[in-house]
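Read off the chains here:
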Amino acid sequence: MKKILGLALIAISLASCGKKEEKKEEVLYPETALSAEEQLISNGKELFESNKAACASCHLADKKVIGPSIKDIAKIYKEQNASIFDFLRQKSEPIVDPSQYEVMKTNFAIIKSFSDEEIKSLEAYMLSL
Ligand code: HEC
């Protein structure tokens, strides 16, 4: 009888322990979690500014340097309902500044090595500005 009671107590304490854990997660997550879209944009920003992609060396958020600003690119792509993803996969022609396309083209060697998920994140980041 004592044994059974002891086991029951352990079971109860384990069960309530589990519940506590669950509750903690419920409370913590909504404050810190990013939506899938926010996460994609955040990954894109990181990659855009990384040494690996180096996009930021030619594209600033709102000022033209070597390449058009990200905001100008995003504006034109939204207006024309065009796909940055397709452009980065070399499936569509340049529409922002075709006269400077040769400069942008030098990046495709690196961009080719990016996964679809990475390209999607770059696109999401650029369109978010
Ligand atoms: C060496 C400078 C340079 C780097 C690095 C660079 N770009 Fe560009 N990019 C340009 C220039 C110049 C243009 C304008 C020519 C054009 O419109 O294709 C351009 C244009 C673009 C466009 C608009 C294309 C269009 O439709 O005309 C996109 C989108 C873009 N770049 C994305 C990127 C991304 C993403 C990266 C990083 C992987 C990157 N660029 C890295 C110079 C660069």
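The text that follows walks through the structure, step by step, so that each part is easy to find. Predicted model only: the values in this text are computed from it and were never measured.

Our next topic: the overall build of the chain. Counting its regular elements, the chain contains 7 helices and 0 strands. What you see in the chain, going N to C, is helices and strands ordered as α-α-α-α-α-α-α. Expressed as a percentage of the 129 residues in the chain, the buried residues total 24%. Pairs at least 24 apart in sequence give 50% of the contacts found in the chain among residues at least 6 apart. A total of about 9,200 Å² of accessible surface is found on the chain, and carbon and sulfur atoms cover 59% of it.

Protein coordination of the iron atom of the ligand is provided by His59 (NE2) and Met104 (SD), with donor distances spanning 2.0 to 2.1 Å. Given 6 donor atoms and angles of 87 to 178° at the metal, the environment of the iron atom of the ligand is assigned as octahedral. Of the two residues, His59 is situated in the loop between α2 (36–49) and α3 (70–79) and Met104 in helix α5 (residues 101–105); the sequence distance between them amounts to 45 residues. For the pair formed by His59 and Met104, the shared burial category is buried.

Taken together, the side chains of Leu60, Val65, Ile66 and Val103 make up a nonpolar region of the molecular surface, amounting to roughly 300 Å² of accessible area. Residue classification places Val65 among the partly exposed positions, given a relative accessible area of 35%.

Its 14 residues place the ends of α2 20 Å apart at the C-alpha level, agreeing with the 20 Å of an ideal helix rising 1.5 Å per residue. Of the surrounding secondary structure, the elements contacted by the buried residues of α2 are α3 and α7 (116–128).

Across all of its chains, the model carries 4 aromatic pairs by this definition. With a centroid separation of 5.9 Å and an interplanar angle of 50°, the aromatic rings of Phe87 and Tyr101 are classed as tilted. With a gap of 14 residues between them, Phe87 in helix α4 (residues 84–88) and Tyr101 in helix α5 connect regions that are remote in the sequence. According to the relative accessible area criterion, Tyr101 is buried, its value standing at 14%. Ring-pair connections join several aromatic residues into one group, and the members of that group are Phe87, Tyr101 and Phe108.

The rules behind the values
- Residues numbered from 1 in each chain as written.
- Predicted model: local features only at pLDDT ≥ 70, side-chain atom pairs only at ≥ 80, totals over all residues.
- Heavy atoms only, no water.
- Helix = DSSP H or I, 4+ residues; strand = E, 2+ residues; numbered from the N terminus.
- Buried < 20%, exposed > 50% of the residue type's maximum accessible area, 1.4 Å probe, protein only.
- Contact = heavy atoms within 4.5 Å.
- Areas by Shrake-Rupley, 256 points an atom, 1.4 Å probe, with all protein chains shown as cover.
- Donors = N, O, S within 2.8 Å, 3.2 Å for Na, K, Ca; no water.
- Tetrahedral: all angles 85-135°; square planar, octahedral: opposite > 155°, others 65-115°.
- Patch = residues over 30% accessible without salt bridge, like charges linked within 9 Å, V, L, I, M, F, W, Y side chains within 5 Å.
- Salt bridge = Lys/Arg side-chain N within 4 Å of Asp/Glu carboxyl O.
- Expected span 1.5 Å × (residues − 1).
- Phe/Tyr/Trp six-rings, centres within 6.5 Å; stacked < 30°, edge-to-face > 60°.

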